[in-house]
Amino acid sequence: MPKNSLLRGKKQSADTRRLLLDIYQRLLSYFGHRNWWPAGAPFEMVIGAILTQNTNWANVERALINLKKEKLLKPEKLAEINLHKLEKLIRPSGYFRQKAKRIKDLVKFFNAPPIDGSFEKMRRIPTDKMREMLLTVNGIGPETADSILLYALEKPVFVVDSYTRRIFAKLGLVPEDIKYDDLKAFFEGNLPRSVDLYNDFHAQIVALGALYCKKRAQCNLCPLGEIARCK
DNA sequence: GACCAGGCACATC
DNA sequence: GATGTGCATGGT
């Protein structure tokens, strides 16, 4: 039994790895590369990571456009701005009072030592340590922290969201009540460590979840239909 | 008019 | 540690 279970374990993880990569390939050829957070605007990604909490991206964009129009999408500007004015500008993204405070707190954290407003300094801090630090900031939970690590700092960290849990539990690959960190470890343990892969895979999952996983009736449109089916 | 969206903090048991 | 609740706008 021990020897078999070890073999089975290895085989299972090889199968899981192949299946996950198949799923990614299938989504990629169906949706095309999602091109999330194109390079060059890490600070915008950081603010976007807060604004998008439990919110449709279209609404986040309105808020980001408002901030850009006022040329406020810079750490030094957001540090100065009056809280009420910030609330007004990000209003379209919902939860605007909470999010305005969270942005203020995050900007304070970003501008203070040891980061001193520098993404370079932030990147030099070991990923686990940086994650711990981010999690101490008000309004930064695991998903927001991981989004910042992956999309702004380009660290190989897999971002898990509610779609990820819903979809992969329905496919029967993980338990429904799996914890955030365990689900993250499931992907990181079964996929090659790649920033580009993690970046686009998460984006593909969101595309799939938002388009086809709302109603059972839409399952016939699911691009995964032939390789993985919901139970 | 109900339901949902790229979560998180806080209270309570 | 698990479970419930408030937070809020805009699209379908």
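Residues numbered from 1 in each chain as written. Chains lettered and ligands numbered in written order. Predicted model: local features only at pLDDT ≥ 70, side-chain atom pairs only at ≥ 80, totals over all residues. Heavy atoms only, no water.

Moving on: unusual backbone geometry. Here the amide bond leading from Pro-113 into Pro-114 is cis, since omega sits at 5°, within 30 degrees of zero. Mapped onto the elements, Pro-114 comes out in the loop between helix 6 (96-111) and helix 7 (119-124). The phi dihedral of Asn-35 is positive, around 50°, even though this residue is not glycine. The class for Asn-35 is exposed, based on a relative accessible area of 52%. (Helix = DSSP H or I, 4+ residues; strand = E, 2+ residues; numbered from the N terminus. Buried < 20%, exposed > 50% of the residue type's maximum accessible area, 1.4 Å probe, protein only.)

Looking at DNA strand C, the residues that line it are Asn-54, Asn-59, Arg-62, Arg-91, Pro-92, Gly-94, Tyr-95, Phe-96, Arg-97, Gln-98 and Lys-179. Within 4 Å of the protein, atoms of DNA strand C come from sugar and phosphate in 60% of cases. Asn-59 has a polar side-chain atom sitting 3.1 Å from a sugar or linking oxygen of DNA strand C. With respect to DNA strand C, the side chain of Arg-62 contributes an N or O atom lying 2.6 Å from a phosphate oxygen. For the surface near DNA strand C, the elements supplying multiple residues, two or more each, are helix 3 (57-69) and helix 6. If you tally residues by element for the surface near DNA strand C, the top one is helix 6, at three residues. Here the surface near DNA strand C is built from residues that sort into three nonpolar, four polar and four charged. (Near = heavy atom within 4 Å. Polar contact = N/O pair within 3.5 Å; in protein donor to acceptor, adjacent residues only side chain to side chain. Nonpolar A, V, L, I, M, F, W, Y, C, P; charged D, E, K, R; others polar.)

With that settled, the discussion passes to the protein's contact with DNA strand B. Taken together, 24 residues lie near DNA strand B, and Asn-54, Gly-139, Glu-143, Thr-144 and Tyr-163 sit nearest. Atoms of DNA strand B within 4 Å of the protein belong to the sugar or the phosphate in 66% of instances, the rest to bases. Between Ser-162 and DNA strand B, the recorded distance is 3.4 Å, taken from a side-chain N or O atom to a phosphate oxygen. At 3.4 Å from a phosphate oxygen of DNA strand B is found a side-chain nitrogen or oxygen belonging to Arg-166. Of all the elements in the fold, those that place two or more residues in the surface near DNA strand B are helix 6, helix 9 (142-152), helix 10 (162-170) and helix 12 (195-212). Across the surface near DNA strand B, the residue classes break down as nine nonpolar, 11 polar and four charged.

What follows is about the packing of aromatic side chains. Using the criterion set out here, one finds 14 aromatic pairs in the structure. With 5.2 Å between their ring centres and 80° between their planes, Phe-186 and Phe-187 make a pair best called edge-to-face. Of the aromatic side chains, those joined through ring pairs into one cluster are Tyr-24, Phe-158, Phe-168, Phe-186, Phe-187, Tyr-198 and Phe-201. (Phe/Tyr/Trp six-rings, centres within 6.5 Å; stacked < 30°, edge-to-face > 60°.)

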